[in-house]
Each structure stands twice: as structure tokens, then as C-alpha cells.
Amino acid sequence: MEEPTRLVEEATINNMDGQQNEEERDPESNSLHQPLLKRNRTLSSSPFALVGAKVSHIESLDYEINENDLFKHDWRRRSRVQVLQYVFLKWTLAFLVGLLTGVTATLINLAIENMAGYKLRAVVNYIEDRRYLMGFAYFAGANFVLTLIAALLCVCFAPTAAGPGIPEIKAYLNGVDTPNMYGATTLFVKIIGSIAAVSASLDLGKEGPLVHIGACFASLLGQGGPDNYRLRWRWLRYFNNDRDRRDLITCGSSSGVCAAFRSPVGGVLFALEEVATWWRSALLWRTFFSTAVVVVILRAFIEYCKSGNCGLFGRGGLIMFDVSGVSVSYHVVDIIPVVVIGIIGGLLGSLYNHVLHKILRLYNLINEKGKLHKVLLALSVSLFTSICMYGLPFLAKCKPCDPSLPGSCPGTGGTGNFKQFNCPDGYYNDLATLLLTTNDDAVRNIFSINTPGEFQVMSLISYFVLYCILGLITFGIAVPSGLFLPIILMGSAYGRLLAIAMGSYTKIDPGLYAVLGAASLMAGSMRMTVSLCVIFLELTNNLLLLPITMLVLLIAKSVGDCFNLSIYEIILELKGLPFLDANPEPWMRNITAGELADVKPPVVTLCGVEKVGRIVEALKNTTYNGFPVVDEGVVPPVGLPVGATELHGLVLRTHLLLVLKKKWFLHERRRTEEWEVREKFTWIDLAERGGKIEDVLVTKDEMEMYVDLHPLTNTTPYTVVESLSVAKAMVLFRQVGLRHMLIVPKYQAAGVSPVVGILTRQDLRAHNILSVFPHLEKSKSGKKGN
């Protein structure tokens, strides 16, 4: 039984050609003999959801171990050597995930720094020659072409490569199958598109795409490569299941964060705190191993580039704000500005989420009009960005160089804090220093220490407002994009502004204020604390910042939680992905699992030895992905020899389709022998997913034959009694990683069915329950805890 999901916008339903007939009916609302003609009021709605910019069927993943006879036989016969081989392969794949992610991250950084660096160097040369119009034409033209490349790749080849990809990874690890998110095409488009988009000076970062890239490598390695060229090696097919693939994608996401920030511990904690729903100690070790491999690759790359073999890469390309040699001192009085930074970060972060939510809804309507509108939207944002970034520095006042400041002023190379721009000799343009540079250099410039008077107030205000606007309108266009770096730059700008406002009341360096401002805005928007704290500590390389960083993050998150959800949860809601939250709503304790089963259609059950015709009928007339297997007239091992009804277990739709494809039919109703099953099926066959009933051909004579479902049935499904509260059912469903939860009756008696119903992911979502039980809306006792 499967949980369909709703569309994000009603406009999506109305404007989608060819889908009206599908959306007017509810495939979960039909019983076995009722046609799909009339929509009933049940817990289910439309079976479609937006993933990227594409409408797709959404299913859940089978994280639960399917303990059928084949699995038990394979488990018993596995030797110690095979078990060690399986463990060794897990560690090998974790190593390969880290290796590929680290190498790809270095290539992305190298390409971005050189492409953006040479572009900006040419623009600066035009400005020095006072050829301002030519400089703008070159700057805007290069950005236009790069944005066009990124947008065309995403729109035409891999729509799921647009955006950061982190919400989809979070949903996948929660148990939601996000289609086409981890394919080879998506990986290629993500890499090339990310290089082009970041090099185009758009207000986005490569950090989010790197997380998605790591997850793509993990998924492809786990399944043996792309779908069309998949390796069929027997040892590799050990991992051809959702459970092991989940672990690998967790390693990939943590490796991506490590590659973005050179933060191995922060990457592990990011996976634990933000994306992973299910965790265990063995997974902790493997993710840490993957991030260790990534950081070794990055360190080797940095050492190699020190010899000047990487073009304009130099110190750029890998964010690092090293203040290990700086004495960080603060006193009790400094707690006040630290608290203020946290409060402002929480307020601004929640406001940013609210406005971005509105803009993404607007972009949804624009993107629905077709591919051309998606490309035009991206190009319009690129042109506006070029105008602002090139024109605003002309409005800034030139500032005389301070001979006491470190570094040459004005700078002559591609990096440095002092860009001359259109200023005379001995002066520099502080706004051009922040805008006409790569993102990573901009971070280093604004985080720079011992530079209290380097940036003017109006320049910082202009920079903050501009990046707020650009961050809001850029995220959501059809290019790979990340939120980390735009939020870091916005937060660091208001951190420096607050440092100037505090003046002599505090002795904390303005560069450290910028770090705290960036941390507070990220916590206020993304609602992360532990992982962010470690990432910033690994960036700054100074443990003395730990107390005030922790305080800022806690305050910012607490303030932001008072207003709205985190940015990734908002995106999950907009994409229509049925994500299950960690905390149930308080009113869910007022309704039981049995009451949910009552408003659902009657459950469709199959016999242990079932007729082929009934199996085909059940598959054609329902969209359920799991069917309880019930045997009648079974003599219990204890008690009176009177026939009883037995709940043998749960059989999956994919396994039924496999039986029909292999035509494993019996001429008479009987139980099969163990050797008969092993002769036709292997445990690897049962791990394969896919297929449709329409693709299976069954003759009229075969319809009268029988199938023994006992060997393929999961005999240990998770069951709950019908009196269990929905709150407890939701917690169990999420923590164990279920796809189906059987409801059994509270009272056992003759004639009583051993199964009352099945709960799926969609049944436990709050808005679906409230649509069927509107009176529960009045009994809400406040927001759920965090």
C-alpha cells in the first residue's frame, strides 16, 4: 500500500496537460472491485509531487529488512568469509565516495577560481583603461553566457539538478524515493552547472551542490553505475537495496559538506543533525572515514597548488579563515553584543525564510509555463546581478589607504583586500573589494582581522541589502545553487555593521563580529547548531571562539523557531515531498490508529496460496505496494485443534510482479518445497525494484493457476494494536524507517480478521489527518516542540 502525495500548488494541477483525469481520482480510495471513477474522502490525495521542476510519482523506500524464507536461507548459509567480504566492501565504497567527492571538489574549485578570476581580471583591466562600457559589456556578457549554459543543462537534461539538492537528500534519508535525483546525468549537470553558475557571479554557492554531488557518487557506486550501464557483478549486487544505499548516501552528503568547508567533523555532524533520519554507530565510523579521505585529498591539492601550478587558484577556492595566531579576548560586557547578534540573526533568518517562501511560490508559477520561461528567468536574474555588481562600486567613495594595514594598497593581483577600481593611486574602493571578486575571496576579505576601518558604513549597508535581494531572487532559478555562501556573506556584513555600531563598548575584532554574524544568520535560517558550530571552529581554527559561537547559534535558532520552519523544511513543503517530522503534533494523541484505518478503504488481503487471476486483479485495480497474506483454517500449535486465521505476513507489489514475470505458477493449490523456490529465485532478485503490471502478460489459462506466496512473504512485519495513538505510531514509523505498518485488532475472536488495516507515510501526515478529522484542528494545543 503506497502513500501518494499532494501537489504544491493548485495551479500546478490545473495547468498540467494530460493529468486532469489522473488528478480527479484517488487511487488509494478504491477497493479491489471498485473502478477508479469516483474520489472518496480518505487520507490520500493526488499521487504526484514536484521534484525539481518535474511532476513525478513519489513512493516510499523499503528500509525494513524483508525477512522471508529466501532471506533466512541466505542468512543461514553465509560463511564468515562472505560476511567479512560484505563489511570490507562497505568500507571500500565509503573510501571511493570520499575519494571521488574530494577529487571532484578540487576540480570544481580550480575551474571556478580560474574562470571567475580571469573574467574579473579582464574587467579590472578595462576599468583601469577607463573603458567602462566595454568592461560592463564583457562582465555582463560572460555572466550571461555562463548562466545560459547552466540553465540549459538543467532545463533540457536534468531538471532535478537545479537547486541545492539537500532537501531531496533529507527526504530520501527519511524514506521518500525522490526520482531521478542521483543519476549519472544529474551528476554531470550538477558539476558543470555549478561551475558555470558560480563563475557567473550569481549570488549562490557551490556548497549545496557539493552535498548533492557526493550523494550522487554514493548512489551510483552502490548500484553499480548508471541504469543503462550498470555493472552486474555479484559482489556488488550485495548493495542493491534501499537500506545499504541509504548508508552510502549519508556518507556522500557528509563528504560533500567536508569538501565545501574542509571540515571533516562538521560534515559528519551535518549529516547527523540535518539530513539523516536514522543513525547508528557503524554509520558514524564510515561517514567519518569518508570525510577523512576528502580532507586528505583537499590538503594534497592545496600543497600542490602552492607551487603555482593551479593558475589563479592561489589561496582562493577553499574557504579558510585562520585566526589561530590571533589572541581572542572577551569579557562579561561582551555578552551583550553577542546576544544582540544572535537575536538579530534569528529575526533576519526567519524573515529571509518567509520572503523566500513567497518568491519560490511565484517562481513555481513562472516555471510551469515551460522551459523557455525557466531560461528567461535565469537570464533576467543574471543581467540584474551584473548591473548591480558592476554599477554599485561607482557609487562608493574612494578611501585612502592606511599604511598600517597589512598588504599592498591598492592590490595588484587577483586577491587582496584593497581593489583600486576607479580610484586614484593611494586610494581603494571598499565596495569593489567585496563585489568584484570570487565568493571565497569575498569571505576572506570581510572576515579579515585587524581591519576595523577598512569598510565604510554605507558600503557595508549597500553590500548587505544587495546580497539580501540577490539571494532571494537567485535561489529558485533553474541552475545548481547553494544557500550557505550567500547567507554567510549577508551575515558577515551585518556583523561588521554591528561592530561599528558598538564602537568602543566592545573589544572584539570586527572580523570576529563578521564570523558571529554569519553563524547567527545561518542558524536563524537553517536552524542548525552543533554542525554549524564545528564547521565555524574548523574554519577559524581557534577554540577560543567556542563559547560565544555556541551562544550565538543557540539564541539565533531559538528566535527563528518562534516564527517559521527552517529553509530546508520550507522547500520540502513546496516540493510536495511527504517528509515525516521528528515530533508529532500534540493533537495526534487524541486519535488512534484504528480510527485512521476506519476512514481508509478496506484492506486488500491475499491468501498464502493465491490464484493468479486474483493477484493480477489486485495489482491492476489498486495502487497498493503491500498486501497482507492471510491463511484461514490453520491449526495453531497449542490449544484446541480448531482452524484459526493466521496473519502470515506482508508481500510486496514488486515481488508479486516478479512472480508473474517469471511465471512461477502451480497447477494445483499446494505449498512449495524449499528447493523449488531457490531454483527460481535468489535474494538478489528480490532486491530489484521496478516494473508495472501493464508490462506483464498472463494468459487466460494461467489465470486459473496458483502461486505460493509463503516463501516471498515478510513473516515479521511491524504491527501495532488498533488502540495505539497516532502520535506513537508516527514516532515508530519514522524511527524504524517503515513503509507499511500493519494494524491488528485489539480483541482476537472467531471470525475477526487478523489485520484491521495498513498505515503508510501519507496516512500519518498532519494535513491529511486534519482533512478527514477537521474537529482535531480545534483541539490543537500549540506548536510542536523542537
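As the structure is a prediction and not an experimental result, all values here were calculated from the model.

### Concerning the overall build of the chain
Part 1: Across its full length, the chain carries 29 helices and 14 strands.
Part 2: Across the 786 residues that make up the chain, the buried fraction comes to 58%.
Part 3: The long-range share in the chain, meaning contacts at least 24 apart out of those at least 6 apart in sequence, stands at 78%.
Part 4: As presented, the chain carries roughly 32100 Å² of accessible surface, and 60% of it is formed by carbon and sulfur atoms.

### Quick word on the nonpolar core
Part 1: Counting residues in each nonpolar core, the largest one holds 136 residues, and the members touching the most others are Tyr463, Phe484 and Met526.
Part 2: In terms of residue count, helix H17 (residues 484–502) provides more of this core than any other element does, twelve residues in total.
Part 3: Mapping this core onto the domain boundaries places at least three of its residues in each of domain 1 (83–307) and domain 2 (332–575).
Part 4: If near-sequence neighbours (up to four positions away) are discounted, Met526 is found in contact with Glu274, Leu483, Phe484, Ile487, Ser566, Ile567 and Tyr568.
Part 5: Core analysis: the second largest hydrophobic core is formed by 28 residues, Val659, Leu660, Phe665 and Leu712 among them.

### Looking at the UniProt feature "transmembrane region" (unreviewed entry) in the chain
Part 1: Sites flagged by UniProt as "transmembrane region" (unreviewed entry) map to residues 88–112, 133–161, 283–302, 335–355, 375–396, 464–490 and 543–560.
Part 2: The annotated region residues 283–302 carries 100% helix and 0% strand content, and the separation between its end C-alpha atoms amounts to 29 Å.
Part 3: For the annotated span residues 375–396, helix accounts for 77% and strand for 0% of the residues, and the straight-line distance between the end C-alpha atoms is 33 Å.

### Some details on the side chain of Lys90
Part 1: Relative to the helices and strands, Lys90 resides in helix H4 (residues 80–128).
Part 2: Judged by its relative accessible area of 12%, Lys90 is buried.

### Brief notes about the pattern of salt bridges
When the charged atoms of two side chains lie near each other, side chains of opposite charge can form a pair.
Part 1: Enumeration according to the criterion identifies 19 salt bridges in this entry.
Part 2: Note that Asp247 is salt-bridged to Arg280, the shortest N-O span being 3.1 Å. Residue Asp247 is located in helix H9 (residues 242–261), and its partner Arg280 is located in the loop between helix H10 (264–275) and helix H11 (281–305); the two are separated by 33 residues in the primary sequence.
Part 3: Through salt bridges with shared partners, a single network forms among Arg246, Asp247, Arg280 and Arg286.

### A look at the sheet that holds strand E9 (residues 626–634)
Part 1: The strand order E7-E9-E10 describes an open sheet built from three strands, whose pairing is mixed. For this open sheet the edge positions go to strand E7 (606–607) and strand E10 (644–652), each flanked by a neighbour on one side alone.
Part 2: Here E7 runs beside E9; their pairing, made up of two bridges, is parallel. Bridge assignment links Cys607 to a residue of E9, and that residue is Val630.

### Remarks on the pairing of strand E13 (residues 741–744)
Part 1: Residues of E13 alternate between two faces, with Met741 and Ile743 on one and Leu742 and Val744 on the opposite face, all of them buried.
Part 2: Pairing geometry for strand E12 (residues 719–721) and E13, over three bridges, is parallel. Residue pairing across strands places Val721 opposite Val744, the latter belonging to E13.
Part 3: Once you follow E12 into helix H28 (residues 726–736) and on to E13, the crossover reads as right-handed.
Part 4: Where E13 meets strand E14 (residues 757–759), three bridges bridge the pair, whose relative direction is antiparallel. In the sheet register, Met741 faces E14, and the bridge partner there is Leu759.

### Quick word on helix H8 (residues 207–223)
Part 1: Between its terminal C-alpha atoms H8 stretches 25 Å, which fits the 24 Å expected from 17 residues at 1.5 Å a residue.
Part 2: Among the 17 residues that make up H8, 17 are buried, leaving the element largely enclosed by the rest of the structure.
Part 3: Of the residues flanking the end of H8, it is Gly224, one or two places downstream, whose phi is positive at about 90°.

### With respect to helix H20 (residues 546–561)
Part 1: The terminal C-alpha atoms of H20, which comprises 16 residues, lie 22 Å apart, in line with the 22 Å expected from a rise of 1.5 Å per residue.
Part 2: Within the sequence span of H20, burial applies to Ile548, Thr549, Val552, Leu553, Ile555, Ala556, Val559, Gly560 and Asp561.
Part 3: Looking at the buried side of H20, the elements it contacts are helix H12 (335–367), helix H18 (510–526) and helix H19 (530–540).

About the criteria used
Residues numbered from 1 in each chain as written. Predicted model: local features only at pLDDT ≥ 70, side-chain atom pairs only at ≥ 80, totals over all residues. Heavy atoms only, no water. Helix = DSSP H or I, 4+ residues; strand = E, 2+ residues; numbered from the N terminus. Buried < 20%, exposed > 50% of the residue type's maximum accessible area, 1.4 Å probe, protein only. Contact = heavy atoms within 4.5 Å. Areas by Shrake-Rupley, 256 points an atom, 1.4 Å probe, with all protein chains shown as cover. Core = buried A, V, L, I, M, F, W, Y, C linked by side-chain atoms within 4.5 Å. Domains from an automatic or database assignment. UniProt positions renumbered as here; feature names shortened; annotations may be inferred. Salt bridge = Lys/Arg side-chain N within 4 Å of Asp/Glu carboxyl O. Pairing = 2+ DSSP bridges. Right-handed = clockwise from strand over helix to strand, strands pointing away. Expected span 1.5 Å × (residues − 1).

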